[in-house]
Structures are given as structure tokens and as C-alpha cells.
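# Report on the structure
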Amino acid sequence: MAKWREMGLTDEEYRRIVEYLDREPNEVELGMCAVMWSEHCSYKSSKIHLKKLPTKGPAVVQGPGENAGVVDIGDGLGIAFKIESHNHPSAIEPYQGAATGVGGIIRDIFAMGARPIALLDSLRFGKLDSPRVRHLFTGVVAGIAGYGNCIGIPTVAGDVYFQESYAENPLVNAMCVGIVELSKLKKGVASGVGNPVLLVGATTGRDGIHGATFASEELSRDGEDKRPSVQVGDPFMEKLLLEACLEALEYGHIVGMQDLGAAGLTSSSSEMAARGKSGIRLYLDRVPLREEGMTPYEIMLSESQERMLLVVEKGYEDEIIKIFKKWDLNAVVVGEITAGEEIEVFFGGECVAKLPYRLLTEEAPVYDRPYQVPEIKNLQSVNPAGVDCGEALRRLLQNPNIARRDYVYEQYDHQVGVNTVVKPGYSDAAVLRIKGTKKGIAVKTDGNGRYVYFNPREGAKRAVLEAALNLAVTGARPLGLTNCLNFGNPEKPEIMGQFVEVIAGMKDACEILNIPVTGGNVSFYNETGEKAIYPTPVIGMVGLIDDLETGLIPMAFQTEGDLIYLLGEPTGELGQSEFLKEFFGDVLVPVPPVDLQEGKKIIDLLPLLKKQGLINSAHDVSDGGLAVSLCEAAFAGELGVNIDFITSLLPQEMLFSEKVGLVIVSVSPEKANEFEEIVKASGVAVTKLGRVNGNDEIEICLNGQRVIKEKLSELKALYEGGLRWALK
Amino acid sequence: MRFGVVVFPGSNCDADCFHVLKNVFGRETVYIWHKDDSFDVDCIVLPGGFSYGDYLRAGAIARFSPVMKKVVEFSEAGGLVIGICNGFQILLEAGLLPGAMLRNKSINFRCHDVYLRVENNETPFTNKALKGQVLKIPIAHGEGNYYCEPDTLKRLIANGQVVFRYCNSRGEVTEDANPNGSLYNIAGIINEKGNVLGMMPHPERCSEKILGGEDGRVIWESIIAYLERGANRG
């Protein structure tokens, strides 16, 4: 087999490299090209489609293309945030795979000069009745906890689903959020001829060589062989690196900074060079190594964790090195900026690679892969009328996709940093205060792949709207989003068709909701054998609450006697709800339409209602439908509900449809008239559902007929036990 | 009155303790670097975190740092020392408090609110609390399962050295209320002399209303009151 094919390049790609160089690349050069031209690093299949997404907005300070996106929150402060996948490594070695995913995304945030203040994780696994899935799930959670807890960044939110399609290919998407003084924002730029290039942090070993290439292939059944492609994380080292880098940035005289992630020294040097339009010369003999006898090929491709590349103003390198030494870290001048446009690599006094940075970055191939838009088949119907609503509610509350997630988030330190105002489990999004201001930010990830699989375009809209609503119910105004697009093999037209449709849906949603995309990550090849995962766009979103004192909306019902209202128009489609799956299995029935216009009105309305003191709580309708949402707000407030209203829908449709864009709010009776007037004036549909009671009772009557009467405490026990029982 | 928060490599609650003392209570507070071998403060805080990564055993390496030699001298001279979470583990490893910390009974790291009963309010750290008062304070640890020899436990109890025990919201000390399998539901102990406290829960995380609880304040208020009475300076 030709060498380039072993490294993941096609014959045509190899031919292009030879043509560009006008010579054959040597082995080091070929390795560098192969990793930079891998799907993981080059985005060659997704690039032309990603361009369609809106990336500009009044709050956007930094859009896609940097280590992380940044939005402006006023007071001279910005929020840097990004999400990234670590799916392939986590499938092979769940603890280290997840841990290093967390480590990598943290480095992207502090490379911007931001102090990381929160982590989120979006996780997908197969069903928990498989021992292998339980192993992956518990390992991934422990890995996230092991890294995040040790480094001392709180893991405050996320989402997790258990669906058959992820059995062989779990998804681990990690998001980090940081705060930065905008005047101190840093970029990953290499410039200034003669400026020294410093490699700081951990030593370089043989781990993770060709990790980027590995992440650009389907997993094989013998994926265990790829275990050496998985890196090992050292959160203690990263904590030192984080503190030292921020201290060095505070000292100043740093031109640019970038982490060494996928494709290690090769990608960090070429990407920094490309952004600064400069050349870089590297002397590999100076790189502190973990093991003897490493070749230049291995050093350039190593994905050893906890390393950063810094470009420093000439003459200040000794002072910067001193800061790293204070933290007992390596810091070595490994090269310098040159006037050319080339990455020149020296080893043992010889030039072992000389490649124009353009070849490694902008000259990487871009493919418009053939795609086939999936056909939407709404062929069947079900009759849910025979299902007992009380029984359905009990089963749904303990369904692992709905039940309380404390098994997960109690393993995460979610309070370190003393900023966590709304902790996991207490609302639809986490809320953190911004010390020294009245402000708070709300953060959340979302993306139910099941809806996307059955209707990619609507499913993508749903993911964006749901994330936005999850922020809005806390009183926040969405500022921007980052996305992690997880798909199967893009070389298959039907997978590429899913991708194209998802981008179209996201574009619509971002434009109508006015939420720009500030960056993200694409993960293809999430398939094993013939089985691809559900197409899963994960949306990570950040929103702002101007004044936590007056603007923060709780999820829990607050006071006995408060009236409960539903905002938004329920339509009753059961398509792809947990109810449908629970009682009818994988049936192709219509999914609820995603009404972005109404969603936008609700997102704008909620903070307004709160500021005028008209609502006491808010919670969106999501997995499990209206009945489950009512229970969640009731459990959180330890108050019951009496629901009684008129509807033309079947009770099962009304209570268990998962239409996105519905929000339940509670209102003091004396404010009801004013509340109703304002909502009606905004054009949002509103229905009075019932009231909050002080009893241990969840009672739901529709059209005068009682359909559910259960004890609150009994339902709560099911909700709290569901996930743990599924693990036994 | 000056507080000193020790920063070990891997400390991660140092800034939180600093924030509470400086910004919430308005007290002069300084960081003390682990390589420092002198300081001039009235109370030392050993904060939570993963000092030196805690790859060996929580707190096992930190006790050899230069600053700990001085912390031992400071405590011998009567200076106040409070160790929280990893700080408690370091105090045990350094021999300033008796006993050892084992892995949580549940194996997993646990982060959630617990209830503590104040067993002894005649200490510099609890003088503003009532005896038997129930405090709601969060924990966040994987190794908080306190253990000591039976004779040591007897002595701790007899001397009133058990300061906090895990209990339920009604103040009853039960097995269910014990989050980590800790012996005798111990959450915090003091040395015989009464100037060194170690506790697993994090009072700095519940000293501001906006964070959902203020039960941690009583510990800081007690220390401040004690120091204001002009007691011993180390």
C-alpha cells in the first residue's frame, strides 16, 4: 500500500501535493500534509456548507476561524466559548477520551486570553441495557469529572440521551466558556520577523500520533488497535499551564498563542503562520521529549496533551520563560518567525521539512460531495387514545432520557469558582454571575438527534430553538451559538444529504432568531460497519441576563395559588416523542412543525414579562411533553398542580407531544389580567392551564374529564430514581 | 487582621476563599505561594483543590512543600489554620490533625449540599454558631471518608474535637445523611489545642445570597469575631 494511503490521503490528494511542491514530499512532509488534510483538521467536506451559516451580529467580537468565538457582554467584557467533539477516542477508551476532550476545549478558551469559568458536555450513548454502553457511559462521566474537577472549572450543564443509534459510536461533545477583558483578547497569530516561538507545558511523547487521521475514519470492529491514538490527560499539568499562560498574558508582550490539539505542532505552527502571514522555523532538537529516540515525524505529529505554542516579542522571552518556570513548567524557544511563507523544520542540523503554510491550510482540498436529500416519509399513523395518561406519565418520568440527571452532575464539581447561580437540575440552563457586575450568563447545550434523523431540516431548527428557549426561560437573551455537528460518513450521499439539510435548518433558525454562529466543530465518520449515528447537531448557546437581581426567572413553581399558563400554540403531533417510542416504537408519524416566528416572540417576551414582574417561573416543554414539564416545575418547587382546560386535541396528544416552542409560566392571580393583555398584544398564543396547589397532588383534567391524578411525591421518586435504576 | 490563602500548585478554591474574605467580608487577604517560607498573617486558609494533582493520595505531596513547614510552626505558636476539603486532607497528611481520608464509600466524586450539625461551638471557628445548629453547606470531593483508630475517635469525642457531623435537615445524625461513609459522620475536626480546623464541606461556596445559601458565613464570622477580640497572633 502506498505510504500516502496508509496516512489517509487519496491518490488524487497526493498528486495535488506533488504538483503544488513540484517535487515528492519526504516522509515528514507527507505526514504533515496528511494530518492537515484530514477531515478533522481541514473540514474539507463541510467547509462549503458551513459558509452558509450567519456569523455576524452586534454582539459578535470574534466569529469562526479562531480558537474560540467571542461575544460582547458590555462593561468591556467578552465571553469566549466553543464546543468540540471527542467521539472517536471516547469510543475506544471512554475515561481518557472524554478527559482529553475536556482538556482540549479548555486550552482553546485560555488561548484567547480568557479565564475558563464553565464547562458543558453533550453526551449520546446507546441504550443502558447493554453492559458495554454502561461501561462507556460511566467511563465518560468519570473522565469528564476527573479532568474538570481537578482543574477546578465547574461543569454546570449539558445534555445526555440514550438512543440505540449511538450504541457503537457514543458522542462526547465538550464545551468551555471563559471570560475575557476585551482589551486583552488574544489571537492565534504568528507575526513579527525574528520573534521567538515558545513551546510550553508538557513534554512531547509518542501518544496520539495520527489521532486526527483516526478521527477521520469510520471505527472498525478492531478499533481496540487504535488505542495508542488516544491521548492521556493530565489535568494537574493543565491547571499549571492555564495559570501560567494567564499570568504571562497579564505580563504582556505575547503576540499570539495557540494550543496543540489535533495534529500537534504541525497544526498549531501552520495555522498561526497562516493567520499572521509569516513563516516559522522550528528546531526540533530543542523540544523537550518524554521518550528517547523520537523522530522528527513523531515530534511534528505527536498529540501529547497540555502543550501551547506562544509567539513572543523578541527580547521578552526570558521574562516569559521565568513565569513558566515559577509554575515548574517547561518553556523552550523552539523556533522563530521568518519573512517567508514556509514552515521549515530542522533536526540534527538538517532541514527535514519545508512546506508553504498555504499548502497545509488554505490549499487543503475542499469537496462538494454528492448528496441526496433524505425523503421524509410520514406514512403511518397511530391511535394513542387507548394509552392511560397516568401510566404514560409514570413511565416517561423514569425514562432515562427524561429522568433526573443527578447521577451525572453530582459527579461534577459544578460550584467551584463561586459563580454558579443556577445549578444543574434547577432550570433548563445553568446561570453564572459575572463578578463585579450585576450581570449573569446562561449556558446550555441541546440537540435531539432522533428528530433530526426523521426530519433533518426541522430537527436542526428544533435544536437551535430549544437551546434558545432554554436560555430565555431563565430570563436570558441569546447572544451567540457554537455548534458541534456529528454525522456518519460524508462520502455517502445520504449522510451528506442529512448534513446539507441540517445546515439549511440551522441557517433558517439562526436568521429568524437572530443568533449568530461564532464557531464550532464537525465530526464525521461516526459509524461502525453500515450503521451511522442519528445525525446530531449539538448547539451550545450563551445568553445574557442584564441584572440577576431583577431578571432571573426560576423554573420552579413558587407560590400556592399562582395561575399556570402555556405560551405558544400546541399542535399535538406525537412524531418522535418519547411517548411514541415508549408505546408504539419506531413509527414514522409526523413530527411537530417548528414555528420559529412564534419561538422568536416568546424568546423576546420572557425577559420583558419578568422585568415587569408578571411571571414567577418559566419552564419550556421538551422531552416527555407538557405533562412532564408541569411535573418538573412542580418537583422543583415542591408544589402540586391542578390543571383543567379545554382542548380540541386528544389528551395523549396534548400532554405528550414534544412540540418545541411551548413554555409554561406561573403568574400571581392579581397580575393575570395585565399578563394576558401583554402576551396577547405580542401575538403569542396563550392558554390558561390551571393553578399551583399546596397539596401533594398532580391532577390534570381536560375538557372536564380527569385524565391524571397522582401523588407528587410518588412521581418525584420515579423521576429521581429512573436513571440509577437503568444503570443497575 | 490579615488572612493568608495558601496556593499550592493545583489548588482551585484559593481564589474563591480569597474572594469571600476580601470582597464579601472586606478583610485584608493575601495569597501565600507554596514556595514561600515566611508570611505575616493572623489566619491561614488551606483551600480546596487537587494539590500537586493528588495523584498519590490527597494532600500527600503538599505537606512536603516549604510553606507547610511554616504553617506547622505558625499553628504551634497558636495561629489559626482552617483547612477546607483538600486543605483538610493536607492537615491530616501533615499530622496537624489525627486520622486519614479514604475514598468515598460510593467510590464516585460527590458534589451536592449536605447538612452539618455544629457539635462544638466553643472554637474560634464556630463561636457565632449555636450548639446543635444545622448548616446547609455543599461538599465536592472524592476522598472525604474520614477514618481514625477507635482510641483516637474516643479521644476526639471526649475532647469535643468533633466540630461538625453530617446530619439530615432536622439535625439527626443518620447513615443516610452521611455522603461518604465517614466514621461517626465526621465532617470536621479540630486539634486538641483548638486552633487548627479541618472540614470537608465548602463554607466559601455558600457565603453569598446570590449563590443560593449563606450558611457558610457563620464560620468566617466566627473567625473574624475571634480575631477581633484580640486573641493570639501567630
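Residues numbered from 1 in each chain as written. Chains lettered and ligands numbered in written order. Predicted model: local features only at pLDDT ≥ 70, side-chain atom pairs only at ≥ 80, totals over all residues. Heavy atoms only, no water.

### Things to note about the side chain of serine 42 of chain A
All names here are of chain A. As for its placement among the helices and strands, serine 42 is situated in helix α4 (residues 39-42). In terms of polar contacts, serine 42 uses its side chain to reach the backbone carbonyl oxygen of serine 38, at 2.8 Å. Once residues lying within four places of it in the same chain are set aside, the contact partners of serine 42 are Met36, Trp37, Lys47 and Ala364. (Helix = DSSP H or I, 4+ residues; strand = E, 2+ residues; numbered from the N terminus. Polar contact = N/O pair within 3.5 Å; in protein donor to acceptor, adjacent residues only side chain to side chain. Contact = heavy atoms within 4.5 Å.)

### Quick word on the UniProt feature "active site" (unreviewed entry) in chain B
When the UniProt feature table is mapped to this numbering, "active site" (unreviewed entry) covers Cys85, His202 and Glu204 of chain B. Judged by maximum C-alpha separation, these annotated positions cover 120 residues in sequence but sit close together in space, the widest gap being only 11.1 Å. Locating histidine 202 of chain B in the fold gives a position in the loop between β11 (196-199) and α5 (217-228). Using a relative accessible area of 1% as the deciding quantity, one classes histidine 202 of chain B as buried. If sequence neighbours within four positions are ignored, histidine 202 of chain B has contacts with Cys13, Gly48, Ile84, Cys85, Ile137, Pro138, Ile139 and Ala140 of chain B. One polar contact links histidine 202 of chain B to glutamate 204 of chain B, side chain to side chain, over a distance of 2.8 Å. With respect to the helices, strands and loops of the structure, glutamate 204 of chain B is situated in the loop between β11 and α5. Under the relative-accessibility criterion, glutamate 204 of chain B is labelled buried at 0%. Here glutamate 204 of chain B is in contact with Val418 of chain A together with Cys13, Asp16, Cys17, Val20, Ile84 and Trp220 of chain B, once residues within four sequence places are set aside. (UniProt positions renumbered as here; feature names shortened; annotations may be inferred. Buried < 20%, exposed > 50% of the residue type's maximum accessible area, 1.4 Å probe, protein only.)

### Observations concerning the pairing of strand β10 (residues 186-190) of chain B
Residue and element names in this part refer to chain B. With five of its five residues buried, β10 lies for the most part within the structure. The pairing of β10 with β11 spans three bridges and is classified as antiparallel. What sits directly across from isoleucine 189, in β11, is glycine 198. Where β10 folds back onto β11 in an antiparallel hairpin, the turn is made up of five residues, including glycine 194, whose phi is positive at roughly 90°. (Pairing = 2+ DSSP bridges.)

### Digging into the packing of helix α22 (residues 596-611) of chain A against helix α25 (residues 672-682) of chain A
To describe two helices that pack against each other, one gives the angle between their axes and the distance between the axes. All names here are of chain A. Contact geometry for α22 and α25: axes closest at 11 Å, N-to-C directions at 150°. Taken together, the axes of α22 and α25 lie roughly antiparallel to each other. α25 is crossed by α22, and the crossing has right-handed handedness. Residues Lys601, Leu605 and Leu609 of α22 form the contact with α25, whose participating residues are Phe675, Ile678, Val679 and Ser682. For the contact of α22 with α25, a count of residues per class yields five nonpolar, one polar and one charged. (Axes fitted to C-alpha atoms, helices over the stretch in contact; angles between N-to-C directions. Parallel < 35°, antiparallel > 145°, perpendicular 65-115°, else oblique. Left-handed = near helix turned anticlockwise from the far one by under 90°. Nonpolar A, V, L, I, M, F, W, Y, C, P; charged D, E, K, R; others polar.)

### Thoughts on the nonpolar core
The nonpolar side chains of soluble globular proteins are, as a tendency, buried together. With 129 residues, the main nonpolar core has Phe137, Leu310 and Phe324 of chain A together with Ile82, Phe164 and Ile223 of chain B as its most contacted residues. Setting aside its immediate chain neighbours within four residues, isoleucine 223 of chain B contacts Phe3, Cys43, Leu80, Ile82, Pro124 and Phe125 of chain B. Ranked by size, the runner-up nonpolar core spans 63 residues in total, among them Tyr565, Leu609, Ile615 and Val684 of chain A. (Core = buried A, V, L, I, M, F, W, Y, C linked by side-chain atoms within 4.5 Å.)

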